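Examination of the molecular architecture
Residues per chain, in single letters:
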Amino acid sequence: MGILEGKIAVITGAGSGIAKQATHVFVREGATVVAVDISGAEKDTAAEVGTDVLPVHCDVSNDDDVAALFETVRTEFGRVDAVLNVAGTHGVRPPEILTVNEFEKMTAVNLRGVLLVTQHAVPLMLANGGGAFVNVSSISSVNVESHTSFMYAAAKSGVNALTKAVAVEYGPRGIRANVIAPGFTFTEFMGEQPPLLREMGSKAALGRPGTQQEMAEVAAFLTSDRASFVTGVVFPVDGGWSARLA
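Thresholds applied
- Residues numbered from 1 in each chain as written.
- Predicted model: local features only at pLDDT ≥ 70, side-chain atom pairs only at ≥ 80, totals over all residues.
- Heavy atoms only, no water.
- 1 Å grid on protein atoms, 1.4 Å probe; cavity = no way out; pocket = protein on both sides within 12 Å on 5 of 7 lines; lining within 4 Å.
- Points joined across faces, edges and corners; volume = space filled by probe spheres on them.
- Nonpolar A, V, L, I, M, F, W, Y, C, P; charged D, E, K, R; others polar.
- Helix = DSSP H or I, 4+ residues; strand = E, 2+ residues; numbered from the N terminus.
- Buried < 20%, exposed > 50% of the residue type's maximum accessible area, 1.4 Å probe, protein only.
- Polar contact = N/O pair within 3.5 Å; in protein donor to acceptor, adjacent residues only side chain to side chain.
- Contact = heavy atoms within 4.5 Å.
- Phe/Tyr/Trp six-rings, centres within 6.5 Å; stacked < 30°, edge-to-face > 60°.

Overall, the coordinates contain 1 cavity of 30 Å³ or more when judged by the stated rule. Its boundaries defined by the atoms lining it, the largest cavity holds a volume of some 60 Å³. Taken together, 14 residues make up the lining of the largest cavity; nearest its centre are G183, F184, R208, P209 and D238. Its residues assigned to classes, the lining of the largest cavity comprises 7 nonpolar, 5 polar and 2 charged.

So, about the side chain of D238. Within the element layout of this structure, D238 appears in the loop between β9 (234–237) and α8 (241–245). Owing to a relative accessible area of 10%, D238 belongs among the buried residues under this scheme. Reaching out from D238, the side chain makes a polar contact with the backbone nitrogen of S242 at a distance of 2.7 Å. In this structure, D238 is in contact with I139, G183 and A204, ignoring residues within four places of it in sequence.

Considering all chains together, one arrives at 1 aromatic pair under this definition. Their ring planes at 85° and their centres at 5.7 Å tell us that F184 and W241 sit as a pair that is edge-to-face. Of this pair, F184 sits in the loop between β6 (175–182) and β7 (185–186) while W241 sits in helix α8, placing them 57 residues apart in sequence. In this structure F184 comes out as partly exposed when scored by relative accessible area, which is 25%. The buried category is assigned to W241, whose relative accessible area is 4%.

This is the structure we're talking about:
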């Protein structure tokens, strides 16, 4: 029996990257996954994983879309046990040329999206006696160095604070909330590892970037009952990169 046996999980950003890999891992561990994405690739993920995946098209920055998502969850399953918020955007713009529109676009997905998903998931969790959130931020929300977008880091720091607030507010009612802060992680969009990623990854204590699989495995643990006394924590999953800067 898997560590997520019988659980209903919502995973955002599931068309690619860490969230796509997490869909594989969660299903492997016994969960039924609602795979959410704006791109349409959530259908590809569902087809690739096979059974126990319901693809749903959703813009997590749009309140109406998120409301419709959780109405679908309620209608299909009657509850939600776990939410993995991964959907996000990235960009590197120095502050002297950053526009307000660029900042708002970044925070709309990376911060407001997490808030909206949380708002709509909480009532379903409370009605079922609790649940678990895992929100993906970034190691740049903890330690920042060159080549890191300051607006991205700011939005992800907001995710950390939001998660802690949810943990404190809803902990007495059975809801846990934690953050995974990935270090430099290799994704399928990068092809062969580019020199900059190799350089960044080499700064980790383990001397390499992380993988999507490694992030997904931590997410599965944190949403499982094995982590039942773990909440309000920002977990650097960075191969020891942040330890060098502590």
